[in-house]
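# Working through the structure, step by step
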Amino acid sequence: MSFIGLRRSSFVSIAAIALLLPLIGCGDDKGKVSVLLTDAPGDGIEKAVVTISSVYLQGGDDKGGRVVLRDEPVTVSLLDLANATSEIVSEAEVPDGEYHQLRFVITGGYLETRNADGTTSIFATANNYEGLPEGAVVAGQLHMPSYDSSGLKVKFDEKLTIEGTQKILLVDFDVAQSFGKQAGGSGRWVMSPVIKAAEVTASASVNVEVKLGTGVTLPTIEGKALTLADFQAVLINAEGTQERLPLTDANADGTYEASFKFLFPGSFQVELAAPAGVTVTTTPGQPVTFKLESGRDSTQSLVVSSALLQ
C-alpha cells in the first residue's frame, strides 16, 4: 500500500495524515495508493484554484505502464491547504512494479492576485471556467501549458517500487514559486510548477517556541499593550518561500508557540516577525538556520531580548 501526499508551499505541498501509518504487507500482487494534497502560501496570491481531472502513475516508458489512480474531477483551493491535507485518491490498487512519474491532469484553474492599490484581479484558464466564484470578472488569462493533456509530471528521485507493501510519498507543490506573470504587456499569468517528490517514512514538523527574556516588556502601540500573540513565526525554506503562523499560548504558561506541519526534509530558517513599527532582537539571533530530517520533529526556541518602537 502506498500513500502519496502532495504539499502546497508557501510551502502548495502534497503530504499526509497517512504518513503516520506503519509499513504493512498487503498479501497479494497489488499495493494500494492514497494521494493526499497539501500546500504552502504564495506572496501576492490571494487564491490559487485548480481542477484535477485525473491522477495516474506512469511506469516503464511514456507509451505504457499507466495506472489510473483517479478519473473523477476534483477542484482544490491550494492556498487553503497550508498546514493541512486533502485526500485526492483513496486506496487505489496498483500492480506490483516500478513507476517513475506521478501525473496530475489539470483541466482548469484560476488565480486571484493582489494589486498594488489593494484591489485584486482574477486570471483564469477560461472566462467560463467552472471553478470561478459567482460573479467573478476575469481580468486576464492563466496559461497551463499541456497540463490538460500530458499532465503535470512529478518525477521521483528514484523509481517508486510497489511490492505489495505500503509506501509513503511526499510531493511538495510550492505556490510562490509556481505561478508567474509573463514578461511583456500581455498581462497573462503562467503556471510553471515547482514540485518536489520523495519517498519518506514520515513527515516532519517544526515547532517554534517564543518567550520574553527576564525583565523584557513589550511596547504599547496606540494605547494597546502588545503581547507575543501580536507576533508571527516565519518559516523559510531553501528556495526562499515563506510561511507565517500566529503565535499562541494555549496552556497560558508564558511560552508562545506555532507549529508548521507536513514538511519536506531539508534546510530551513526561522524568524520572528514583529508588528509594524516594532524592532525586536532575540537569543539566538535571527534568522535561526537548521536542517529538518525525515520523520523527526524540530523545536526552535527564541527568547525576546528587546522590543523597541522604531
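Residues numbered from 1 in each chain as written. Predicted model: local features only at pLDDT ≥ 70, side-chain atom pairs only at ≥ 80, totals over all residues. Heavy atoms only, no water.

Let us look at the overall build of the chain. Counting its secondary structure elements, the chain contains one helix and 25 strands. For the chain, with 310 residues in total, the buried portion stands at 48%. For the chain, the accessible surface area stands at approximately 14400 Å², while carbon and sulfur atoms represent 47% of it. (Helix = DSSP H or I, 4+ residues; strand = E, 2+ residues; numbered from the N terminus. Buried < 20%, exposed > 50% of the residue type's maximum accessible area, 1.4 Å probe, protein only. Areas by Shrake-Rupley, 256 points an atom, 1.4 Å probe, with all protein chains shown as cover.)

So, on to the nonpolar core. By size, the foremost hydrophobic cluster in this structure holds 34 residues, and its most contacted members are Leu-69 and Ile-106. Those elements that place two or more of their residues in this core are β4 (45-59), β5 (66-70), β6 (74-77), β7 (86-95), β8 (97-114), β11 (152-162) and β14 (189-191). In terms of residue count, β4 provides more of this core than any other element does, six residues in total. Ignoring any residue separated from it by four or fewer positions in sequence, one finds Ile-106 in contact with Val-50, Thr-51, Ile-52, Met-144, Tyr-147, Asp-148, Leu-152 and Met-191. Among the nonpolar cores identified, the runner-up in size contains 28 residues, and Leu-218, Ala-233, Leu-263 and Leu-302 belong to it. (Core = buried A, V, L, I, M, F, W, Y, C linked by side-chain atoms within 4.5 Å. Contact = heavy atoms within 4.5 Å.)

One open sheet holds the four strands; their spatial order is β20-β19-β22-β24, and the pairing between them is antiparallel. In this open sheet, the two edge strands, each paired with only one partner strand, are β20 (242-246) and β24 (288-292). Strand after strand, the sheet turns through a mean of 25° between neighbouring axes, direction not considered. Bridging between strand β19 (residues 232-237) and β20 involves five bridges; their strand directions are antiparallel. Among the inter-strand pairings, Gln-232 is bridged to a residue of β20, identified as Pro-246. (Pairing = 2+ DSSP bridges. Axes fitted to C-alpha atoms, helices over the stretch in contact; angles between N-to-C directions.)

Attention now moves to the confidence of the model for the chain. Low pLDDT marks stretches whose predicted atomic positions should not be read closely. When pLDDT is averaged along the chain, the result is 78; 71% of the residues meet or exceed 70. Per-residue pLDDT, averaged within each element of the chain, yields its smallest value for strand β2 (residues 13-14) (36) and its largest for strand β23 (residues 278-283) (97). Low confidence marks residues 1-27, where pLDDT is under 50. Its contacts with residues over four positions away, or in another chain, come to 170 contacts. (pLDDT = per-residue confidence, 0-100.)

Now for the pattern of salt bridges. Evaluation of the coordinates by the stated rule reveals two salt bridges. Across the salt bridge formed by Glu-46 and Arg-114, the nearest N and O atoms sit 2.3 Å from each other. Pair noted here: Glu-46 is in strand β4 and Arg-114 is in strand β8, with a separation of 68 residues, a long-range link. What makes Glu-46 partly exposed here is its relative accessible area of 36%. Residue Asp-230 is joined to Lys-224 by a salt bridge in which the shortest nitrogen-to-oxygen separation is 3.0 Å. (Salt bridge = Lys/Arg side-chain N within 4 Å of Asp/Glu carboxyl O.)

The subject of this paragraph is the packing of aromatic side chains. Summed over all chains, the structure comprises three aromatic pairs. Between Tyr-110 and Tyr-129 the ring centres are 6.4 Å apart and the planes differ by 55°, which places this aromatic pair in the tilted class. With Tyr-110 in strand β8 and Tyr-129 in the loop between β9 (120-124) and β10 (138-143), this pair connects stretches of sequence that are 19 residues apart. Arranged with centres 5.9 Å apart and planes meeting at 50°, the rings of Phe-123 and Trp-189 form a pair that is tilted. Residue Phe-123 is found in strand β9, and its partner Trp-189 is found in strand β14; the two are separated by 66 residues along the sequence. Taking relative accessible area as the criterion, Trp-189 reaches 13% and is therefore assigned buried. (Phe/Tyr/Trp six-rings, centres within 6.5 Å; stacked < 30°, edge-to-face > 60°.)

For the bond running from Thr-283 to Pro-284, omega is -5°, close enough to zero to count as cis. Among the secondary structure elements, Pro-284 is positioned in the loop between β23 and β24. Along the chain, Gln-286 connects to Pro-287 via a cis peptide bond; the corresponding omega equals -5°. Within the element layout of this structure, Pro-287 appears in the loop between β23 and β24. Residues other than glycine seldom take positive phi values, yet Ala-252 does so here, at roughly 55°. When you line up the elements, Ala-252 lands in the loop between β20 and β21 (256-263).

Another point: the pairing of strand β16 (residues 204-212). Sheet analysis places β16 next to β21, joined by six bridges and oriented antiparallel. Bridged to Val-208 within β21 is Ala-258. Relative to strand β25 (residues 298-309), β16 runs parallel, the two sharing seven bridges. Following the sheet pairing, Val-206 is matched in β25 by Ser-298.

A few words on the sheet that holds β16. One open sheet accounts for four strands, arranged β21-β16-β25-β23; its pairing is mixed. Single-partner strands in this sheet number two, and they are β21 and β23. Neighbouring strand axes in the sheet, compared pairwise and without regard to direction, differ in orientation by 30° on average.

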